Structures are given as structure tokens and as C-alpha cells.
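Results of the structural survey
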Amino acid sequence: MYRIVLGWLVCSLIGIMGCEQSEKSNNIQEASLSPPNISSSKKIRAKFEPEDGKVLVFIGQELTAIGGLEKYNDGYLDHFDRRPAGFTAYSFLTPGDTTFGFVHKGLDGITSTDNWGDNDSNMSLQLNDPDYANMCLAIGLGMVGHEDKVANGVHDEMIKELGAFLQSIAPRPVFLRIGYEFDGHPWNHYEKENYLKAYRRVKDIMDNMGVENVAFVWQSTGFVSTPDQLEEWYPGDDYVDWCSFSFFARWREQEMIEFAKKKGKPVFIAEASASVSGPNMKFDNLTLPMDFNNPEDAQLAWDKWFTPFFKTIHNHPKTVKAISYINCNWKAHPMWKDNPTFKGIDARLQENKELKEKWEKEISKSNYVMSSPTLYSDLQKSL
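One structure accompanies this document, and this report is about it. In every chain, residue numbers begin from 1 and rise along the written sequence. Side-chain atom pairs in this predicted model are given and counted only at pLDDT of 80 or more, local residue features only at pLDDT of at least 70, and totals for whole chains, interfaces and linings cover all residues. Here the side-chain values reflect all heavy atoms present in the structure, with hydrogen atoms and water set aside.

**As for the overall build of the chain**
We apply this condition: Strands here mean DSSP runs of E at least two residues long; helices mean DSSP runs of H or I at least four residues long; both are numbered from the N terminus. Relative accessibility decides the category of a residue: with a 1.4 Å probe and only protein chains considered, values under 20% of the type maximum give buried, values over 50% give exposed, and everything between is partly exposed. Contacts between residues were defined by any pair of non-hydrogen atoms, one from each residue, lying within 4.5 Å.
Along the backbone of the chain there are 13 helices and 13 strands. Every one of the 383 residues in the chain was classed for burial, and the buried ones make up 62%. Within the chain, counting contacts between residues at least 6 apart in sequence, those at least 24 apart form 78% of the total.

**Topic: the pairing of strand S7 (residues 214–220)**
Applied cut-off: The pairing criterion is simple: DSSP has to find at least two bridges between the two strands. Clockwise travel from the first strand over the helix to the second, with the strands pointing away from the viewer, marks a crossover as right-handed.
A large share of S7 lies buried, amounting to 7 of its 7 residues. With 4 bridges joining them, strand S6 (residues 174–178) and S7 adopt parallel strand pairing. Residue pairing across strands places Phe175 opposite Ala215, the latter belonging to S7. With 4 bridges joining them, S7 and strand S8 (residues 242–247) adopt parallel strand pairing. Bridge pairing in S8 links Gln219 to Ser244. On the question of chirality, the crossover connecting S7 to the parallel S8 by way of helix H8 (residues 227–233) is right-handed.

**Focus on the pattern of salt bridges**
To keep things clear, this is the line we draw: Just to be clear on terms, a salt bridge is a Lys or Arg side-chain nitrogen sitting within 4 Å of an Asp or Glu carboxyl oxygen.
Using the criterion set out here, one finds 19 salt bridges in the structure. The partner of Lys263 in a salt bridge is Glu231, and the shortest N-O contact between them spans 3.0 Å. A residue pair is termed long-range when its members are at least 10 positions apart, and Lys263 in helix H9 (residues 256–263) and Glu231 in helix H8 qualify at 32 residues. Between Arg348 and Asp346 there is a salt bridge, and its shortest N-O distance comes to 2.7 Å. Comparing Arg348 with Asp346, the two get one shared label, buried. Taken together, the salt bridges that share partners define one network made up of Glu49, Asp52 and Lys321.

**Things to note about the packing of aromatic side chains**
Inclusion rule: For Phe, Tyr and Trp, where Trp contributes only its six-membered ring, two rings pair if their centres lie within 6.5 Å, and the inter-plane angle classes them as stacked under 30 degrees, edge-to-face over 60, or tilted in between.
Applying the stated criterion to the full structure yields 42 aromatic pairs. Relative to Phe309, the ring of Phe247 has its centre 5.1 Å away and its plane inclined at 70°; by these criteria the two rings are edge-to-face. Taken together, the positions of Phe247 in strand S8 and Phe309 in helix H11 (residues 295–315) put the pair 62 residues apart, joining distant regions of the chain. Aromatic side chains Trp330 and Trp336 sit 5.1 Å apart centroid to centroid with 75° between the ring planes, which places their arrangement in the edge-to-face category.

**Description of the packing of helix H5 (residues 156–168) against helix H7 (residues 192–209)**
Selection criterion: Each axis is a line fitted through C-alpha atoms, taken for helices only over the stretch in contact, and angles between the N-to-C directions span 0 to 180 degrees. Roughly parallel here means an angle under 35 degrees, roughly antiparallel means over 145, roughly perpendicular means 65 to 115, and every remaining angle is called oblique. Here is the rule for handedness: rotate from the far helix to the near one, and if that takes an anticlockwise turn smaller than a right angle the crossing is left-handed, while a clockwise turn gives right-handed. Lys, Arg, Asp and Glu make up the charged group, whereas Ala, Val, Leu, Ile, Met, Phe, Trp, Tyr, Cys and Pro make up the nonpolar group; the residues left over, Gly among them, are polar.
Running from amino to carboxyl end, H5 crosses H7 at an angle of 55°, the nearest separation of the two axes being 10 Å. Between H5 and H7, the angle falls in the class oblique. Between H5 and H7 lies a crossing whose hand is right-handed. Touching Asp156, Ile159, Lys160, Leu162, Gly163, Ala164, Leu166 and Gln167 of H5 are Arg201, Val202, Ile205, Met206 and Met209, all from H7. When grouped by side-chain class, the residues that make up the contact of H5 with H7 number 8 nonpolar, 2 polar and 3 charged.

**Observations concerning helix H12 (residues 353–363)**
Note the threshold: This arc describes the spread of directions from the helix axis toward the C-beta atoms. Here a polar contact is recorded for every N or O atom pair within 3.5 Å, except that within protein the pair must consist of a potential hydrogen donor and a potential acceptor, and residues adjacent in sequence are included only if both atoms are side-chain atoms.
Listed in full, the buried residues belonging to H12 are Leu355, Lys356, Lys358, Trp359, Glu362 and Ile363. Buried residues of H12 fall within an arc of 160° about the axis and therefore sit on the same side. Two or three places before Glu354, at the start of H12, stands the capping residue Asn352, its side-chain oxygen 3.1 Å from that residue's backbone nitrogen.

**Some words on the side chain of Ser91**
Checked against the element boundaries, Ser91 lands in strand S2 (residues 86–92). In terms of polar contacts, Ser91 uses its side chain to reach the backbone carbonyl oxygen of Asp108, at 2.7 Å. Setting aside residues up to four positions removed in sequence, Ser91 forms contacts with Leu107, Asp108, Ile110, Met123, Ile139, Gly140, Leu141 and Gly142.

**Describing unusual backbone geometry**
A cis geometry characterises the amide bond from Gly60 onward to Gln61, with omega recorded as 5°. You can see Gln61 is positioned in the loop between strand S1 (55–60) and helix H2 (63–66). The peptide bond linking Ala170 to Pro171 adopts the cis configuration, its omega dihedral lying at 10°. With a phi angle near 60°, Phe48 is a residue other than glycine that sits in the positive phi range. On the secondary structure map, Phe48 appears in the loop between helix H1 (5–10) and S1. Even without being glycine, Asn134 reaches a positive phi, approximately 60°. With respect to the helices, strands and loops of the structure, Asn134 is situated in the loop between helix H3 (123–127) and strand S5 (136–142).

**Section: the nonpolar core**
Applicable threshold: By nonpolar core is meant a set of buried Ala, Val, Leu, Ile, Met, Phe, Trp, Tyr and Cys residues that side-chain atoms within 4.5 Å join together.
Formed by 100 residues in total, the largest nonpolar core has its most connected members in Leu166, Trp218, Phe292, Phe306, Tyr325 and Trp359. Per-element accounting of this core gives the leading share, 9 residues, to H11. Core analysis: the second largest hydrophobic core is formed by 18 residues, Ala46, Cys136, Ala138 and Ala270 among them.

Structure, rendered in C-alpha cells:
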């Protein structure tokens, strides 16, 4: 979700989300969201794909949002007893670029604490902390403006450095989202031919290195592309382990689940955070203000975002196999202060007692996979 804010202003011609606004009620009502009874059949699973009816739960996307560290101690891990199966972080193949005053050196946020406008990130702090044991890692790997360099080998050494780092944390499973939100043209503006070459080059290099603990994830915005356009951007069955998309307020327009079914790939909802469109969304891109400290906002979020989010999971038990909730106070971060979609949102689950309880009750169901001492070995069974 790390995007150039000016790009979002261009996105006003597209419109961002199409949910209907509901009336706000006093008490959060629980939807009927029971997971279906799935009988597992013998089939070839994708890398680190859990069995049918099971869903890996990730939390993202920066240190304050996830917490669990001495300095960062008011995030998800500090308020929920059950740890998720994984956490989400970001890095970039964009050396020399500047984002909100931060000059990228490449592979930012991996071994150093870096802040490109969305608060501090440092995967190594998390990976070395016992609170993050037995958790998978999902990495959004950005290459905006550098897809041609990646495609033509300019950044090969950086890719090899990343591959060596990922090998060093084996057997921890890693889900690598190369050029995430590839079709978010107003903010990522990837050139299609070079994007495809770059995606394939990253995987080819890591395969040649013998990196075995990485599943390669291909992520759409979830609302821009038609099925035909998705096909044009598809790197190929041999290069994609998981299909993926982002689930924000424009969730009704996603085409990725049906596309993935046709390809026989599992789906990772790799970016998801509560957001509901305002009355003039298609003109001004504004979502409704959303602060979970406000009970009415929390009720609206449950009715118009969480309920369809969980239904999407339960309605596709053989396809949707991983989710990542962004537990973020968006409006507190410089990157989003002028962003019409996120500038009014605080989506931290711990901020509302009733909503927190509803979330805990939902993910306590048997279909959700959380952290456990056998998690890595269980996922290895798909290989």
C-alpha cells in the first residue's frame, strides 16, 4: 500500500470504492459467518498453501501497527492473545529515490530501521524477537520507476542480496509480493512489458540461488483490471504461486478470485483495512471518516466492511487461503495525510472493545490458521 500520494489525486478520475453506506446502529451485530464444512480432496497445492477450508492470518504493516517489541509496544501483538500466522512488511528495489524526505538505499526496512512516511519498518527487529517466532513473513517488494532496471539486470546484485537474506531465515516461509498492486497505474504506473520481465527476473534469480522458502505472489489492486487485463499482466503459471489482491472499500469490483480459480491458484488478500466510501466517492475519492474509538464508526465498519470481508473468505474456502489485516492508524502517518482514501481512518482493532471481541470471535473459528510450533512443518506439507 505504499503509494505516491499525488498518484491518488490522479486516481480521482477512476473513483475508488463503491460500497453503499448503511445507517449507523447502537450495537455491533454479529453476522452469520460460519465457515463451511470442507472435506479435503487430494490435489496438488501451491507452495505453503494450507488445506482447503483453512486461511492463514497475517497482520501488517509497520512496527507501530504490529507491535510486540520493546520500543513498539502498542500494536496488534500487544492487545491480542493469539498471535497471527504471519506479519507483513515492505521493502524496495528503488535506490536513490526519495519518499517523504527519506532517500531509499535499496532493500529498505530489512536490516535497518527506515521510515518512508508510513512509520518505522525493520524486519530484522521483528524476526529476531521471540514474539515473532513461528510466524510467516509477507513482503511487499516495490520497484516503482525501476522496473526497467530490474528487467535489464541493473539491480541483480540487490536481488541476490535479498535472496541471501531470505535464505538466512529459512525454514520460515516467506510470501514475496513482487511489484505489488501492479495495476495501480495512478500511483505505481508500471510499464507492463518491463514489469513482467522484472517479476520473472526476480524469481529466476532466486530459483538459481536455490532459495526454497519463498512463495511468489502476484498482487492486483482488486478494483482496476478486468479479467482480460489481468491475463495481460499475468507472469505465467510457472512464475506465480499465489494470486493476490487488496480488499478496501471497493471490494465489490475485484475479479481476482475468479481469475485465480481458472488458473488453479490460491488467493492471498494481502492488503485489507476497514474503509467505507463516502457519498461522492466516484468524484472525490473520499472514504467516510473511520475511527474505531467512535462506536458509530465501529458499527459502520462492521456492517459495511468486516461483514463482507469475512463472507468473502467463507464463500471461497478452496481459493482464499491467506489474509492480511492492516492494523494501522492511517491518519497519523505523513504518507496518508493528503490521501483521500486513508487520511481520515484509524483502523486499529484494539481501539474498540466490541469490535475487538467480534474480531477475536471470528478468527477463533477453526478455519483460521494462527501461529503454532508446527506451522512451518504444516505448510511444508504442500511441497
